[in-house]
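The lines below spell out each chain.
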Amino acid sequence: MQSTHVDWKKIVTHPIALLAFLLLTVFLVYLPALSVPPYLDDNSAILNNTRVTDIKNISLIFRDFFVGRGLVQLSLALEWHYFDDEIRAMHGFNILYHLLAAMLVYFCVRAVRRFLYPGSQNEWRRYAGLGAALVFALHPVNTQPVTYIISRANILATIFFLAGIFFPLKIYFLYRARERTFWARCLWFASMLAVFAVCFLLGLGSKEIIVTLPLVWLMLLACAWRRERILTILKRLSLFCLPFAILFIAYFIYRKVTLGAYLSFPDIEARSPWVNFGTQICIMVLYYIPRTLIPVNLLFRPPFPLVNSIGDPRLLLSVLVLILIGMIALYLFRKKTEISLGIFWFFVTLAPTSTLIPLWDLIAERRLYLSMIGAALIAESLFFYLWKQSRRPIRLAAVNYSAAVVILFSVLTLMRNVEYQNPTRFWHKEHLYSPYNLENLHNYLYRLSQNNHGDEAKKVLQNLNWDKIKEQNEFIDTGSLDSLIRLMLNYRIEVEYASMLAEKNAEKYPSPFTLNTYQLALMVQHRFKDAMEIIDKTLAMDRNHVDTLFNKAFIFRIFGLYSSAEECLAMAMRLRPDDIVLLEEQVELYRAMKKDTGPIETKIEALKGKNKYASEIDLKSSL
């Protein structure tokens, strides 16, 4: 009689079983994210984005697919349409995409190790990729890109980045096992290039960070040829650079034709590029690397003073650390190739948004999502190095330490997801750590006002050190300064100073946005004649600026010019017919004109009932 004994130990320790257990753990850790409300750009990019909320506008997504993160918008639009505008569904898909990315890390790392060490039969090879997938999937820093819905761009770009490495390698392994004729080689290379191009284009529809994929591929090839002379490696890389260079040139020409510029950043001159560059270097060394190693005290908008001098000790220290890390990577290039690759991966994928491009948003932990794969590869390589040591105590210590890290990461990630569930407490914490970060201040006060704690919000504003804010005024970006001005006007805090700031901001960066804030400052002070001059100037710049048309209608109503007010309001409502603020102003106008307001009030109630997230949308500060 044949034995039916099942070897459970063999089943449980199988790599696929361990991967399944890891994915289940990640899913459970991220379950609280399903109850997280929209944050920041979730409002403008999802709730207030008609490309997402109206499936009829799907053609607009394809029109700007490669420069407007079309794949992200397309996925959100389909979820909004088929899941009845349910935010929980979007969170659920973000988690699923994260699980898919973790799976691809596992398979991609295995393929990379096979490519770098062909024919290797090490005892730990069957578990290759698990450690990297574990670190990547459970690292607390990755909470932000998963839980912050619109940061799905990072996840999708990472998925196609990994696919652009894994699938070409699989094609390479397939053809390497067959007869190597000339035509087979041509077919192999063409197939690899075609798959790479598809992944690259889909990645462009997710986030522009995919442009670093060719650089990682070149480093991967250099690592595979590490036994050759340096000159030989450089000659070979120069041949492979050609298709990548053509791809780069084609993409940037496309951006130039579509956007009218290679890079489209309206505030790029508002702060010196050298200040941005020096500060980002310090952030990379003094914030990103420490948070990668010890992921505690994570913040959405961490405080980090600007680097205004080349002699800043932080900058000198950061440069020395980067030089040291570079020397380590070169030293390990032939001895521990995968560690050298991991270092290169980490810094190259982080560089565009953290050194080369001067973004106002100096720190964002979501930028580490793709880079974390490089760190995970290093962590796994160090573990295997310790495991290969023959002494049992070292192996035991490595296992115990890894288990402790897994538990700690799981707990910290779970706690971080729970923090996101309560926006008021979330922004209160952010405000405590950086009380003069104007975006944190705005978000905290907005949540207080949404929860009917207006008096507490006013008290927070009154207790601020305004002199310190005035000192930092030169280093405040246009958007944050505008938010501060509107808060000051809303709560009548130092109105004259707010008006001066608004005038200065509008003069320095004239746009309908800054001019509109200046209009509000003048209107709060009942300087309606001056406000009308700024309104006319704004409409000369953009005759369809809805908020300015609203202000003009408001002033006309105040002075009893009802027909002119009705005309301005009608122009604004043709552009935004379902804007609740405009409808409420129409109610006030009709009451002044002694007209029936019943149908309009009914429409307002219907719109508020239809939009379950109306309280999350900052339509307009009531002045």
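Structure: see above.
Residues numbered from 1 in each chain as written. Predicted model: local features only at pLDDT ≥ 70, side-chain atom pairs only at ≥ 80, totals over all residues. Heavy atoms only, no water.

Turning next to the overall build of the protein. Each helix and strand counted, the protein has 30 helices and 0 strands in total. Looking at the protein as a whole, 51% of its 623 residues are labelled buried. Of the contacts formed within the protein by residues at least 6 apart in sequence, a portion of 72% connects residues at least 24 apart. Accessible surface computed for the protein: about 30400 Å², of which carbon and sulfur atoms make up 63%. (Helix = DSSP H or I, 4+ residues; strand = E, 2+ residues; numbered from the N terminus. Buried < 20%, exposed > 50% of the residue type's maximum accessible area, 1.4 Å probe, protein only. Contact = heavy atoms within 4.5 Å. Areas by Shrake-Rupley, 256 points an atom, 1.4 Å probe, with all protein chains shown as cover.)

A cluster of nonpolar side chains, Ile 16, Leu 100, Met 103 and Phe 107, forms an exposed patch at the surface whose accessible area comes to about 300 Å². Here Ile 16 lies in helix α2 (residues 15-29). Judged by its relative accessible area of 42%, Ile 16 is partly exposed. (Patch = residues over 30% accessible without salt bridge, like charges linked within 9 Å, V, L, I, M, F, W, Y side chains within 5 Å. Salt bridge = Lys/Arg side-chain N within 4 Å of Asp/Glu carboxyl O.)

Taking 1.5 Å per residue, 30 residues should reach 44 Å; helix α7 (residues 87-116) reaches 43 Å between its end C-alpha atoms and fits that length. Within α7, 22 of the 30 residues are buried, which leaves the element mostly enclosed by the surrounding structure. (Expected span 1.5 Å × (residues − 1).)

A word on the packing of aromatic side chains. What the rule picks out here adds up to 28 aromatic pairs. For the ring pair Phe 196 and Phe 200, a centre distance of 6.0 Å and an interplane angle of 20 degrees mean the geometry is stacked. Highlighted residues: Phe 196 and Phe 200, both in helix α11 (residues 182-204), separated by 4 residues, approximately one helical turn. Phe 196 gets classed as buried once you look at its relative accessible area, which sits at 4%. With a centroid separation of 6.5 Å and an interplanar angle of 65 degrees, the aromatic rings of Phe 300 and Tyr 420 are classed as edge-to-face. Note that Phe 300 is positioned in the loop between α14 (273-293) and α15 (313-331) and Tyr 420 in helix α18 (residues 392-420), a separation of 120 residues in sequence. A relative accessible area of 1% means that Tyr 420 is categorised as buried. An aromatic cluster of three or more residues is present, and its members are Tyr 39, Tyr 148, Phe 300, Tyr 420, Phe 426 and Trp 427. Here the guanidinium or amino end of Arg 114 rests over the ring plane of Phe 173, the centre of that ring lying 4.0 Å away. In this structure, Arg 236 packs its charged tip against the face of Trp 225, placed 5.2 Å from the ring centre. (Phe/Tyr/Trp six-rings, centres within 6.5 Å; stacked < 30°, edge-to-face > 60°. Lys NZ or Arg CZ within 6 Å of the ring centre and 35° of its normal.)

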